[in-house]
Amino acid sequence: MAVGTDPHDLFAPAATGSVRRLAPNLQRLVAPNPSPLTGPGTNTYVVGSGPHYLVIDPGPDDTTHVDRILAATHGRISHVLCTHSHPDHSPGAAALKARTQAVVLGQPAPRDEHQDDSYRPDGTLDDDDVIEVSGAGVRALHTPGHASNHVCLLLEPEGWLLTGDHLMGGSTVVILPPDGSMRLYLESLRRLRTLPLTALLPGHGAVMPDPLGEIDRVIAHRLQRESKVVVGLLQLGGAATLGELVPIVYADTPIALHPLARYSLLAHLQKLLEERRVAQDGERWTWLAA
Ligand SMILES: [Zn+2]
């Protein structure tokens with residue numbers, strides 16, 4: 001399916017600060033936090049056709065954005081659901097709860113320096129939980145990988161998957177170890193692959209029309225990068241540090257992004273370590289497999 005140019009096209013770009021009705025029971029509000037990591041900004045989704053609504057990923061605690069969410073829901077929010085607790089996704093939850101008495105649901109935050117410290121869900125969103133509101137329902141799917149507490153939300157019966165940061169429009173998701181795990185990220189993708197999905201609605205960027213194609217593309221991209229890690233280790237005599245490997249494994253990536261790529265490289269090496277294909281001795285990683 002081609003991306004159209006009609007401004008009402010479901011697959012049109014997600015513009016910073018925009019509000020778009022994607023379906024009678026679904027609106028997308030793009031937060032004003034654009035950056036190289038967040039694309040045009042965090043997508044907040046409003047589910048339901050009234051009188052009550054679910055808000056998914058309220059985004060940063062930004063007054064303009066919070067006011068827009070309140071306007072889109074007429075202030076009648078039953079639940080705020082967070083796909084995970086990175087600071088571009090969950091901080092708005094506390095502001096919405098304070099102004100609407102909404103119940104905040106998500107998985108508890110892991111402890112590391114990449115989390116939103118204000119995040120305090122009222123209840124846990126467990127795998128297969130269904131949260132319903134007038135005109136719609138979403139099913140939670142625990143998808144660890146990008147973050148250990150990450151959930152995707154499946155809008156049923158449409159088959160639209162709200163992917164949070166598990167899949168992003170137009171860029172590769174950063175995996176931050178030790179909370180992030182490449183092995184679990186790929187396992188979660190393989191699980192999503194088995195579902196009857198008809199569209200991917202990411203936490204950043206436009207709606208993606210070909211779920212299976214996109215998931216397969218991302219799996220192939222990650223495995224291709226993993227083989228570059230192996231080739232890089234072999235080129236360096238079978239043992240190397242992260243600093244030695246980054247310029248080889250990410251030769252195709254702008255140098256400005258190498259500090260971030262270092263995290264993903266570490267995630268690849270940890271997957272290989274878990275598979276006993278490499279060994280780690282301090283800062284040095286050694287290739288083991290024949
Ligand atoms: Zn994230």
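As a reminder, the structure under discussion sits directly above these lines.
Structural notes, computed from the coordinates. Keep in mind that what you see is a predicted model, and the values were worked out from it rather than measured.

A count of helical and extended segments in the protein gives six helices and 14 strands. Since a compact globule built from 290 residues should have a radius of gyration of about 19 Å, the 20 Å found for the protein is in line with a globular shape. Summarising its shape, the C-alpha atoms of the protein cover approximately 65 × 40 × 35 Å along the three principal directions. Counting all 290 residues of the protein, 47% fall into the buried class. Of the contacts made within the protein by residues no fewer than 6 positions apart, 59% connect residues no fewer than 24 positions apart.

Below, the discussion takes up the sheet that holds strand β12 (residues 239-240). Here we have three strands laid out as an open sheet, ordered β12-β14-β13, and antiparallel in their pairing. Strands at the two margins of the open sheet, each flanked by one partner only, are β12 and β13 (278-281). Inspection of the sheet shows β13 paired to strand β14 (residues 284-287) by four bridges, in the antiparallel sense. Its bridge partner being in β14, V278 is matched across the sheet by W287.

Before going further, it helps to examine the sheet that holds strand β6 (residues 103-105). Strand order across the open sheet formed by six strands is β1-β2-β3-β4-β5-β6, with mixed pairing between neighbours. The open sheet has two edge strands with one neighbour each: β1 (19-23) and β6. The average undirected angle you get between the axes of adjacent strands in this sheet is 20 degrees. Lying on the sheet, helix α2 (residues 92-100) is in contact with β4 (53-56), β5 (77-81) and β6; it crosses β5 at an angle near 165 degrees.

What counts and how
- Numbering of residues starts from 1 in every chain and runs along the sequence as written.
- pLDDT decides what is reported in this predicted model: residues at 70 or higher carry local features, side-chain atom pairs at 80 or more are listed and counted, and totals for whole chains, interfaces and linings draw on all residues regardless.
- Strands are runs of DSSP state E lasting at least 2 residues, helices are runs of H or I lasting at least 4, and numbering of each runs from the N terminus.
- When we talk radius of gyration, it's over C-alpha atoms, and the globule rule is simply 2.2 Å times the number of residues to the 0.38.
- In this scheme every C-beta is placed from the backbone, and a residue whose C-beta has 20 or more other C-beta atoms within 10 Å is buried, one with 12 or fewer is exposed, and one in between is partly exposed.
- A pair of residues counts as a contact when their C-beta atoms, built from backbone coordinates, are within 7 Å of each other.
- Two strands pair under a simple rule: DSSP has to find at least two bridges between them.
- Angles run from 0 to 180 degrees between N-to-C directions of axes, and those axes are lines fitted to C-alpha atoms, restricted for helices to the stretch in contact.

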